[in-house]
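Report on the structure
Here are the chains, one letter per residue:
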Amino acid sequence: MLLSAPSPHRQHWSLGMEKINFSGGEPFIHDRGEYLGKLVRFCKEELGLPSVSIVSNGSLIRERWFQNYGEYLDILAISCDSFDEQVNVLIGRGQGKKNHVENLQKLRAWCREYRVAFKINSVINRFNVDEDMREQIKALNPVRWKVFQCLLIEGENSGDDALREAQQFVISDEEFEGFLDRHKEVSCLVPESNQKMKDSYLILDEYMRFLNCQNGRKDPSKSILDVGVEEAIKFSGFDEKMFLKRGGKYVWSKADLKLDW
């Protein structure tokens, strides 16, 4: 779970929480998205948060979910690292019999129909760094296209105890800048290099512990349920200046986006 502010509990919301972002893993796995939908509705109706968003690979999202919960969701970000299906399979984004790119277009249409702001997240790596995505991104017309440089996190995608090994995906800063330069005409592009990304998020895990990435791994704080937000956040490693520098604060409520649905 990735949050831009402390926690979905009234006492913590009162400390200044404005936005919550549910990420994973894949957040639609549990109960086919029903549990996630109830969380989204709770954050909007009970907490009155200005922005509720989700990051997903899109493979498990059905139109029925939009019908039931779309009104409570501000932004849906879909992970898309390539518009070449063979590359998606190569980097682990393949979805079996489904075509990831075709599914992306379907999700874009649902977001428009059910008035959810549509966003795309792309991780630039060894296998897609030379790809030209300009025409496809312009056609999909997301409110934001977040372009991340592949980042190694010890214990997650790097090191002996890693869940998966990502060393083969790593690109240099110069290669990342080359990709950005090729796509500079895309107005919705928001780049995030390793330097900008690493410490500029407030991340809570399933135990409501802040995850500190300052040492290249995710070191947990004590749970905010045990010690409260003000104490736990001291150990989050959060870099507020970098958060603002990378454009972390933006118009994130669909009520304020004034989109042409």
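Residues numbered from 1 in each chain as written. Predicted model: local features only at pLDDT ≥ 70, side-chain atom pairs only at ≥ 80, totals over all residues. Heavy atoms only, no water.

Under an unreviewed UniProt entry, the name given to the chain is Radical S-adenosyl methionine domain containing 2, and the organism recorded is Ursus americanus.

Digging into the overall build of the chain
To keep it simple, the criterion reads: Starting at the N terminus, helices and strands are each numbered in turn, a helix being any DSSP run of H or I of at least four residues and a strand any DSSP run of E of at least two. With a 1.4 Å probe rolled over the protein chains alone, any residue whose accessible area is under 20% of its type maximum counts as buried; one over 50% counts as exposed, and the rest are partly exposed. We call two residues contacting when some pair of their heavy atoms lies within 4.5 Å. Here the open area of atoms and residues is found with the Shrake-Rupley method and a 1.4 Å probe, where only the protein chains shown may cover a residue.
From N to C terminus, the chain includes twelve helices and ten strands. The 261 residues of the chain split such that 49% are buried. Taking contacts inside the chain between residues at least 6 apart in sequence as the whole, the part at least 24 apart equals 65%. Of the roughly 13400 Å² that the chain leaves accessible, carbon and sulfur atoms contribute 47%.

Observations concerning the nonpolar core
It is characteristic of soluble globular proteins that their nonpolar side chains tend to be buried jointly. To keep things clear, this is the line we draw: Here the nonpolar core consists of buried residues drawn from Ala, Val, Leu, Ile, Met, Phe, Trp, Tyr and Cys, with membership extended through side-chain atoms lying within 4.5 Å.
By size, the foremost hydrophobic cluster in this structure holds 44 residues, and its most contacted members are Val40, Ile54, Phe66, Leu76 and Trp145. Of all the elements, helix α5 (residues 100-113) adds the most residues to this core, at five residues. Beyond its immediate stretch of four places on either side in the chain, Trp145 contacts Ile120, Ser122, Met133, Ile137, Phe179, His183, Val186, Cys188, Leu189 and Val190. Leu204, Phe210, Val229 and Ala232 belong to the second largest nonpolar core, which has seven residues in total.

A few points about the side chain of Lys19
As a reminder, the rule being used: Note on charges: Lys and Arg go in the positive column, Asp and Glu in the negative column, and His and the chain ends are not counted at all. Whenever a carboxyl oxygen of Asp or Glu lies within 4 Å of a side-chain nitrogen of Lys or Arg, that contact is scored as a salt bridge. Whenever a nitrogen or oxygen atom comes within 3.5 Å of another N or O atom, the pair is scored as a polar contact, on the condition that within protein one atom can donate a hydrogen and the other can accept it, and that pairs from neighbouring residues in sequence are kept only if both atoms are in side chains.
By the element assignment, Lys19 lies in strand β2 (residues 19-22). There is no salt bridge for the buried Lys19, and the closest opposite charge comes from Asp74, which lies 8.6 Å off by N-O distance. Looking at Lys19, its side chain comes within polar contact range of the side chain of Ser53, at 3.0 Å.

Focus on the confidence of the model for the chain
As a reminder of what qualifies: Summary of the metric used: pLDDT quantifies the predictor's per-residue confidence within the range 0 to 100.
With 86% of its residues at a pLDDT of at least 70, the chain reaches an overall mean of 87. Scored below 50 in pLDDT, residues 1-12 shows 51 contacts in the model against residues more than four places distant or in partner chains. Below pLDDT 50 for its whole length, residues 154-159 participates in 22 contacts with residues either more than four positions away or in separate chains.

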